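So the chains spell out like this:
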Amino acid sequence: MVAIVEDEPAIRDNYAAAFTREGYVVRAYANRAEAMTAFSARLPDLAVIDISLEEEPEGGFELCRQLRALSAELPIIFLTARDSELDAVSGLRLGADDFLTKDLSLAHLIARVNALFRRVEALRRPLEASQIIRRGPLNLDGERMQVEWDGQVVLLSLTEFWIVFALARHPGHVKNRQQLMDAANVVLDDNTITSHIKRIRRKFQSIDPKFDAVQTVYGMGYRWVE
Amino acid sequence: MSLRLKLLLLALATLVLPWAGCRYAKEMESALREGEQNSLSSVAETMASSLQGRRDLLYREPRTPAVAADTDEGETSSPEPEPASPYDIKPILLFAPPFLDGYTDDWPQDRSAWRFFAQGRHRFGILTGVYERMLYVLLDVQDEHLVFDAPGASPLDPSAFGDRVWLGFDDTHGTQHQYLVSATAPGSVTGRRIETGEYGQQNAVTEPRIVGAWMPTPQGYRVELRVPLSMLGEHFGVLIDDRDARGALPVSYGTLRSDDLHTVGRLIVASPELTRYLRQFIQPGQRLSIATPDGRLLAQADALAQVTALGPGTGLLARLYRRFVDRPNARRIVEATASIYDRDHTRIVGSLKVSQTEDRWLTLRDRALTRMLNSTLLISAIAVVAILLFAARLAMRLSRLRAASESALTRAGLVTTFPETGAADELGDVARGFSTLLSRLNEYTGYLRTLAAKLAHEIRTPLTIVRSSLENLESEGLSPAAGVYLERAREGSQRLNAILIAMGAATRVEEAISGAERTRFDLVPILTSAAASYRIAFPERHFAIELPAEPVEIEGAPDLIVQMLDKLVDNAVDFSPAGSTITLRLRLEPQAAILEVDNPGPPLAGAAQSRLFESLWQSRTGGDSRPHFGLGLYIVRLIAEFHGGSASAISLPQDTGARFCIRLAR
């Protein structure tokens, strides 16, 4: 069951229709109170939340916090008309699995939702070694969408994971921004890719300060070096 | 004319103060003079009325009991003075005793004071004068034959008689006296009285109080005599005995009766008390004088030369100031006259004149003038200095204001703090007005700058509705014909999305700059790799790259540098024709690394040059399918400024293209 919390009825209905078509059961809510009432009765399997909800400009963040309190594993996707870096950072810090802007196409959104469900599935299954890509200290689990560096789990958002995955699968190959966007199922501008890369580096560096596997090839793109 | 100069000229107007002070001093002086004149007049009147009816004081008059009785009665009848006679002797007032030598040069040279008497061809002139308690008599006798007394002979021997002069007068008791003056040779003479003894014999008794000198002149002789006033009564006369030969019968003429030598004319002379009387009123710097109605000076008390308590100021400034105020050769004495009447107030018996030096009030005036001029000049000087300082400060504030307004206009980022806004005066109002204007302009520019981002945000929601609807529509299985429209609609929405992304670009760059981390890095490899990527991205342009041999390390964010380069190259590609060469150049200056991007193509328009790097400014004219919001070069400037540098643009020589020049601090 997918929960959509979105105050714009047209968008909400469109998303609901798309998810329904994909075979998901969809529950749509217009505001935080409505959503929270339903969630306390029964948790959804995945939640897509808009940040500004009717009267509350930051209602989505609050909802995410409450939802995270109810369940640590529940995949949460932020979907917003805002594209500020600050919003993305705070959304992800609250434990959302991904932070997307509304210019994302429905196909991309559904791909993401599918991926997140797959991950939930994979996390329930025992670890399969064959799925794991090893690049030096990096362990990349494509099924669980989980990254380890020096044996420590690096908590990446879905977009970030896909970027790392795209880079690490072919070390040394330069991936330009467009390729990275395609891999991450997003349409973003250059600056957003840059800030994603920056965030990825920071997350690795919090585990290993000497981390420099993600290299910038100025004017071209990025590559993974071992 | 600068404000400072204008105010200085204005300040000079305060010099009217000392001028007005001088005017005031003059007015004051004339007022003082008038007041002094008035007070002097009243002094004169008072003294004159104190002398009213005091003929006895004015003139030597015998104080007979009858007259005294008359006075006591207080009747209208006053002692009628004898009618004026041609034989009256009216001595003038002498200010120095003549030396008894027979010469006239120590007498006043005033011919009008001489009296002349003649008998036939004989003639003599007489001049009399009073000095203190002495009567001086000068006789100038015309005599063809000057005959001296025979020397050694008795003065009583008629055969020895030569030319003789008789003095006749009555004493204060009315008794007639006669003295003769004769000489045996030029020189001193002494008066002699002829006394008839007990037995009828006559004696010539020398009177030592009557002395003089006998001196021959070309026309005759001159006799100068001195007689104490105490000997004299009311009447006085002289008689000349003119002999043509010794012992001959004389021709006698003069102001005495020739038979008994009794007096016929009066001696009109002030009483000795008059001078004493006047002295009691005298004050330093004053002169009191009394004259007969016909103007002859009778008595005088003179203290003019005495230094008054207030001497005229001798300070340098005082003297200097006096030059401004005083007319040269101005009279330095004020005078007042008053007539002295007799008891009945019917006849004028004399006139009193009071003279006073101006020194008394000149000093007062000088003091006031000096003080006033000093203070007004000081005030003027202070005013000039104060106004000058004020002008300087005003000019400084104005120039500060001007500088601020100029810099506010030329700088792309408007200043928000403006000088002088705290001032309470009109300049403060102007500054506040400017400040308000600028802040409004700033708000407006800020609004414009964020408008794109806001618009992007607002459009995003309806666009999402359109796109998600289109995508849902796609899944509905439409006819191929409908699919075409769907595809077009999607393309349109994608373009809209691209527009949205472009509109938010500046905001995102600003965010990226605020969150950027500074590291030290080498510009050379970045430029090399970037140029390589541009060759791939823009196959229709050639890229030339000019780099220094050494590494160029700067501090900053390499991502942003590349982004800046992207924008510059994007711009260069847009404005250059296909197949042309775009040059990327890195130069070194001592303090900066200069990054230049040259592109052939149209030169920069003059007006555009300064505004190129402003937000929301663009000079593109050609139609272009890609959205442009004039943000690209604004982003370039933001990034250059983040690196402590600046961005500028010039046209290439011969207007063959444009050069964008980015200065980065090393």
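Given the structure is predicted, the values throughout are model-derived calculations rather than measurements.

This paragraph deals with the overall build of chain B. Of regular secondary structure, chain B possesses 14 helices and 22 strands. Within chain B, the proportion of its 666 residues that are buried is 30%.

All right, on to the packing of helix 10 (residues 505–514) of chain B against helix 14 (residues 632–642) of chain B then. Residues and elements named next belong to chain B. Close contact between helix 10 and helix 14 brings their axes to 10 Å; oriented N to C, the two are set at 10°. When the axes of helix 10 and helix 14 are compared, the pair comes out roughly parallel. Packed against helix 10, whose contacting residues are Ala-505, Ala-506, Val-509, Glu-510 and Ile-513, the element helix 14 presents Tyr-634, Ile-635, Leu-638, Ile-639 and Phe-642 at the interface. Residue classes in the contact of helix 10 with helix 14 are distributed as nine nonpolar, no polar and one charged.

Attention now goes to the confidence of the model for chain B. Residue and element names in this part refer to chain B. Residues of chain B with pLDDT of at least 70 account for 88%, and the chain-wide mean is 81. Here residues 63–79 is a poorly scored stretch, pLDDT under 50, and it has nine contacts once near neighbours within four places are set aside; other chains count. Predicted complex metrics record ipTM = 0.80 and pTM = 0.51.

Attention shifts here to the sheet that holds strand 13 (residues 297–302) of chain B. Residue and element names in this part refer to chain B. A sheet is described by the order of its strands in space; here four strands give the open sequence 13-12-15-14, paired in antiparallel fashion. Two strands bound the open sheet, and with one partner strand each, they are strand 13 and strand 14 (333–341). With strand direction ignored, the average angle separating the axes of adjacent strands in the sheet is 15°. Judged from the six bridges that link them, strand 12 (residues 286–291) and strand 15 (residues 348–357) form a sheet pairing that is antiparallel. From the neighbouring strand, Arg-287 faces strand 15, where its bridge partner is Ser-355. Across the sheet, helix 2 (residues 16–50) is in contact with strand 14 and strand 15; its angle to strand 14 comes to roughly 25°.

The biggest cluster of nonpolar side chains holds 64 residues, and the ones touching the most others in it are Val-2, Val-5, Ala-47 and Ile-49 of chain A. By residue number, the principal contributor to this core is helix 6 (residues 158–169) of chain A, which donates seven residues. What Ile-49 of chain A contacts, discounting residues up to four positions off in sequence, is Val-5, Gly-60, Leu-63, Cys-64, Ile-76, Phe-78 and Leu-79 of chain A. In terms of nonpolar packing, the next biggest core, distinct from the first, is built from 58 residues, Phe-124, Phe-236, Leu-274 and Ala-336 of chain B among them.

Let us now look at the sheet that holds strand 19 (residues 581–588) of chain B. Residue and element names in this part refer to chain B. Read from one edge to the other, the open sheet built from five strands follows the order 17-19-20-22-21, with strand pairing classed as mixed. The sheet is open, and its two borders are formed by strand 17 (542–546) and strand 21 (646–651), each paired with just one other strand. In this sheet, neighbouring strand axes are inclined to one another by 15° on average, regardless of whether the strands run parallel or antiparallel. Bridging between strand 17 and strand 19 involves five bridges; their strand directions are parallel. Among the inter-strand pairings, Ile-545 is bridged to a residue of strand 19, identified as Leu-584.

Residues and elements named next belong to chain B. In contact at an axis separation of 9 Å, helix 12 (residues 558–575) and helix 14 are set at 145° when each is read in the N-to-C sense. Taken as a pair, helix 12 and helix 14 cross one another with a handedness that is left-handed. Residue-level inspection shows Leu-560, Gln-563, Met-564, Lys-567, Leu-568, Asp-570 and Asn-571 of helix 12 in contact with helix 14, the latter providing Gly-632, Leu-633, Ile-635, Val-636, Ile-639, Ala-640 and Phe-642. Of the residues belonging to the contact of helix 12 with helix 14, the class tally is nine nonpolar, three polar and two charged.

Another point: the interface of chain B and chain A. Contacts between the two partners involve 31 residues from chain B, matched on the other side by 27 residues from chain A. Sorting the residues of the side of chain B that touches chain A by element identifies helix 8 (426–474), helix 9 (480–503), helix 10, helix 11 (523–537) and helix 12 of chain B as the ones contributing at least two each. The greatest single-element share of the side of chain B that touches chain A, amounting to 11 residues, is contributed by helix 8 of chain B. When the residues that make up the side of chain B that touches chain A are grouped by side-chain class, the tally is 13 nonpolar, 12 polar and six charged.

Analysis parameters
- Residues numbered from 1 in each chain as written.
- Chains lettered and ligands numbered in written order.
- Predicted model: local features only at pLDDT ≥ 70, side-chain atom pairs only at ≥ 80, totals over all residues.
- Helix = DSSP H or I, 4+ residues; strand = E, 2+ residues; numbered from the N terminus.
- Buried ≥ 20, exposed ≤ 12 C-beta atoms within 10 Å, placed from the backbone.
- Axes fitted to C-alpha atoms, helices over the stretch in contact; angles between N-to-C directions.
- Parallel < 35°, antiparallel > 145°, perpendicular 65-115°, else oblique.
- Contact = placed C-beta atoms within 7 Å.
- Nonpolar A, V, L, I, M, F, W, Y, C, P; charged D, E, K, R; others polar.
- pLDDT = per-residue confidence, 0-100.
- Pairing = 2+ DSSP bridges.
- Core = buried A, V, L, I, M, F, W, Y, C linked by C-beta atoms within 7 Å.
- Left-handed = near helix turned anticlockwise from the far one by under 90°.

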